[in-house]
Amino acid sequence: MSLSPSLLAATIKRRLSFASVTLLLCFSVIWWQASYWFETYLVEERAQQFDQQVDGYAQNLANILNKRFALLQGLTSYVETDLLSSDVTSEGSGQRLDTFINGLLTTSKGIRNFAVAPDGVISKVIPLQGNESALGHDLLSDTRLASRHATLRAMRQSDIALTSPMQLLQGGNGVVARQAVNVDGHFWGLVSMALDMAPLLQESGLLNPETDLQIGIRDSQGVVFYGDDELFSNERLVHRVDLIDGQWELAAMTSAGADADIRQSVMIFEGVLAAFFLLVTGVLTQQRRQYRAQSSSADGNNSTHPAQPGPPTWAAPLLTFCALFMATVALYWFMQRNDTASEQLALNNTAATLEHDIRRRLSSHQEYFELLAEQISQGQLSKTSYQERVSRYVYDHPGLVNVTWADADFVIRDTAPYEENKQVVGLKLLLPEPKRASYEAYVSRQPVYTNPFVVIQGHPAFELYVPIFTGERFLGTLGAVYKIEYLLDGLVPDDVRSRYKVDFVDREGQVIYGDAEQTPLTGLTRVLPISQLNETVWLRLNAYDNRPSKAAVCC
C-alpha cells in the first residue's frame, strides 16, 4: 500500500528530525570526550615535563652537595694519613694543613669554612676571619641538638653526617657536615664543613627567576629549612635529593600561569571543534529545509500524477561524519604519538643523567689516583698509608674492586684492599689489556683506561692505569680495577631499574653486563657511550612496558 505524498513527507520529516537530534547528541558527546582527552594530554605532558625538570634540579643539587662532601672526605683522609703521621703541633704541619684547606676552598663556592677538632674541640678553622667564635668550641658538649646529633652520628658511623639547618656560632644559618677521624681504630677527633645554602641553590638552577618555581626543601629529619612547608602536603610535588647521609626532599610547583596556558589551549581546541560541529549541523539543517521545500511543492501540485518527494540525500552528512571520525582518530593517534615522544624524552633524560653520574664518578676517581701518584712520587705515601687510604676509598666508592701498585717493571707489588685481592701481588701485567694500557700510560705519561675484559677474578671489568713519575724517572703505575656489576649496582637507583632495563654493552651492542629482563620491553631505547672509556663501553636503557596487562584489567 502506497502512502500519500503528505503522509510520506510527514514520516520522513519525523525520521529526519530524530536523526538530527541523535546526531547532535553524538556530536556533543564526541566534543566533550575529545576536549577531555586533549586537556588530560596537556596536563599530563606538562606534569611530566615539570617532573623531569625538577628531577634535574634535584639531581644537580645532589651533585653539588656531594661534590662538597667529597672535599670533606679529602680533608679527613689528609688528616688521617698525612697530618697524623707527623707532629700535629709542629709549625710545618700546620702550614701544610692551611695550604691544603685553602686549596679546597678555592674549588667550590657556598663553603663558609672548614674546621679541625682534635678530641672534638675546634683548634683550627679556615678562613679564620669571621669565624673566630668557633675556635675552642667543644662539639661533644654542644647545646644545639642538631649539632650534637650529627656529631654522635658521625662518630658512630665513621662517615659524613649532616646537621639540620641551624644557627651557626659565627652567626647566620647553615648546614654543617661532619666526619670522624680515627687512628688505629680509635677516635681522634672531627673535621667539619659549614655550608651556605643560597649559593648552592643558585648554582643548581632552583633560584633562577626564569623557572618561576615555588620550592621547599626539608632534611632527613623532616625539618623544612627553605621555602614553603605547605608544598609538602601534596606528595605528587615531592622529589628526592639523594645525599651521602640519607636524603633531603625537594617540593616544587609552578605559578598559576602554567594552568592558565593549558586552559587557553583547551578553549581554542573546544572552539575549533565546536565550529566544525556547527558546520556539520548547518549542512544538515540546510538539507532539511531543501527537502521541506520539495515536499511543499509536491503537496501543492494538482496534477494527475503528483511528484513524489524523494528521500533525503545522506551523502553530505555521511561524508561529514566520516571526516569527523577520521579527525577524532587522528587526534587520538596524535596524543598517543606524543605520549611516546614524552616517554622517549624521559628515557633520554634518565640515560643522560646516569651517563653524567658515571662520567663524574670516574673523573673524580681519576683525580684522586693522580693525587696518590703524585704523593708516591714525592715519597709522601708509605705502604701502610697506602693500604689505609686506598682501602677506605674503595669501600666508600661503589664500582671499585681494588687498586694495584706496580713497579717500573710492571710487576704488582701491593694492592688495596689486600686480603681479598692478595693473589695478584707478584704478578706481572701480562694480560693483553692491562699490558697495553699500563705501557701507554708510561709512554704518554697520562692516565689510560683499558677496554672491558675478564679479570683473573672471573668477572667483566675495566681498569685505569695512572703513571708514577719523579722527574723523568718512571716509578710504576697505579691500577684501579672496576667491576662493571658493582658500578651498575652502585650508581643506578632502584626506581630507574624498575622502569628501564639497564645494560653495559660494547660497540657491537653485545651485553657486557646488564639486568635480567623482568617484563616485556616497549621498543624505546637509548644508548650512550661512556666517554672516558674510548667508546668501548656504552650505557643502554630499554623501557619496560609497565602498563597493566589485559588479564589484570579484566580481573
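Check the entry above for the structure.
K.L.:
Could you give me a rundown of the overall build of the protein chain, with the residues and numbers involved?
P.N.:
A tally of regular secondary structure across the protein chain gives eleven helices and 20 strands. The 555 residues of the protein chain split such that 45% are buried. When contacts within the protein chain are restricted to residue pairs at least 6 apart in sequence, those whose partners lie at least 24 apart make up 59%. In the form shown here, the protein chain has an accessible surface area of approximately 28200 Å², with 55% of it arising from carbon and sulfur atoms.

K.L.:
Could you give me a rundown of the pairing of strand E7 (residues 213-218), with the residues and numbers involved?
P.N.:
Summarising burial for E7: five of the six residues are buried, a large majority. The pairing of E7 with strand E10 (residues 247-254) spans six bridges and is antiparallel. Its bridge partner lying in E10, Ile215 is registered against Ala252. Across three bridges, E7 lies against strand E8 (residues 224-227) in antiparallel orientation. Bridged to Arg218 within E8 is Val224.

K.L.:
Before we move on, could you go through the pattern of salt bridges and cite the residues and values that matter?
P.N.:
Taken as a whole and assessed by the stated rule, the structure comprises 16 salt bridges. Its salt-bridge partner being Glu419, residue Lys422 comes within 3.4 Å of it at the nearest N-O pair. A relative accessible area of 42% places Lys422 in the partly exposed class. Using a relative accessible area of 54% as the deciding quantity, one classes Glu419 as exposed.

K.L.:
Outline the packing of aromatic side chains, listing residues and values.
P.N.:
On inspection of all chains with the given rule, the structure shows twelve aromatic pairs. Seen from the ring of Phe469, Arg445 lies directly overhead, with NZ or CZ sitting 4.0 Å from the centre.

K.L.:
How would you explain unusual backbone geometry if you had to name every residue and give the values?
P.N.:
Here the residue pair Ile126 and Pro127 is connected by a cis peptide bond, since its omega of 0° sits within 30 degrees of zero. Checked against the element boundaries, Pro127 lands in the loop between strand E2 (124-126) and helix H3 (145-157). For Asp119, which is not glycine, the phi torsion reads 55° and is therefore positive. Inspection of the secondary structure assignment puts Asp119 in the loop between strand E1 (111-118) and E2. A residue is classified by how much of its surface remains accessible, and Asp119, at 54% relative accessible area, is exposed. Backbone geometry places Phe410, a non-glycine residue, at a positive phi of 65°. Overall, the relative accessible area of 15% leaves Phe410 in the buried class.

K.L.:
Could you give an account of the nonpolar core, naming the residues involved and the relevant values?
P.N.:
If you look at the biggest cluster of nonpolar residues, it comprises 46 residues, and the most contacted ones within it are Phe369 and Leu478. Per-element tally for this core: the top contributor is helix H6 (residues 315-377), with eleven residues. For Leu478, the contacting residues outside a window of four places in its chain are Phe369, Leu372, Ala373, Ile376, Tyr386, Val403, Thr404, Trp405, Leu464, Tyr465, Val466 and Ile468. Counting residues in each nonpolar core, the second largest holds 44 residues, with Leu71, Val79, Leu200 and Leu201 among its members.

K.L.:
Talk me through the pairing of strand E18 (residues 511-514); I want residue IDs and the actual numbers.
P.N.:
Put simply, side chains in a regular strand alternate between the two faces of the sheet. Across three bridges, the pairing between strand E17 (residues 500-505) and E18 is antiparallel. Bridging from a neighbouring strand, Asp503 pairs with Gly514 of E18. Remark: five residues form the turn of the hairpin made by E17 and E18, two consecutive strands paired antiparallel; Gly509 in that turn has positive phi of roughly 85°.

K.L.:
Before we move on, can you summarise a nonpolar patch on the surface with the specific residues and values?
P.N.:
On the surface, a cluster of nonpolar side chains totalling about 300 Å² of accessible area is made up of Tyr439, Tyr442 and Val443. The residue Tyr439 is located in helix H8 (residues 432-444) in this model. By relative accessible area, which is 48% here, Tyr439 ends up partly exposed.

Calculation rules
- Residues numbered from 1 in each chain as written.
- Predicted model: local features only at pLDDT ≥ 70, side-chain atom pairs only at ≥ 80, totals over all residues.
- Heavy atoms only, no water.
- Helix = DSSP H or I, 4+ residues; strand = E, 2+ residues; numbered from the N terminus.
- Buried < 20%, exposed > 50% of the residue type's maximum accessible area, 1.4 Å probe, protein only.
- Contact = heavy atoms within 4.5 Å.
- Areas by Shrake-Rupley, 256 points an atom, 1.4 Å probe, with all protein chains shown as cover.
- Pairing = 2+ DSSP bridges.
- Salt bridge = Lys/Arg side-chain N within 4 Å of Asp/Glu carboxyl O.
- Phe/Tyr/Trp six-rings, centres within 6.5 Å; stacked < 30°, edge-to-face > 60°.
- Lys NZ or Arg CZ within 6 Å of the ring centre and 35° of its normal.
- Core = buried A, V, L, I, M, F, W, Y, C linked by side-chain atoms within 4.5 Å.
- Patch = residues over 30% accessible without salt bridge, like charges linked within 9 Å, V, L, I, M, F, W, Y side chains within 5 Å.

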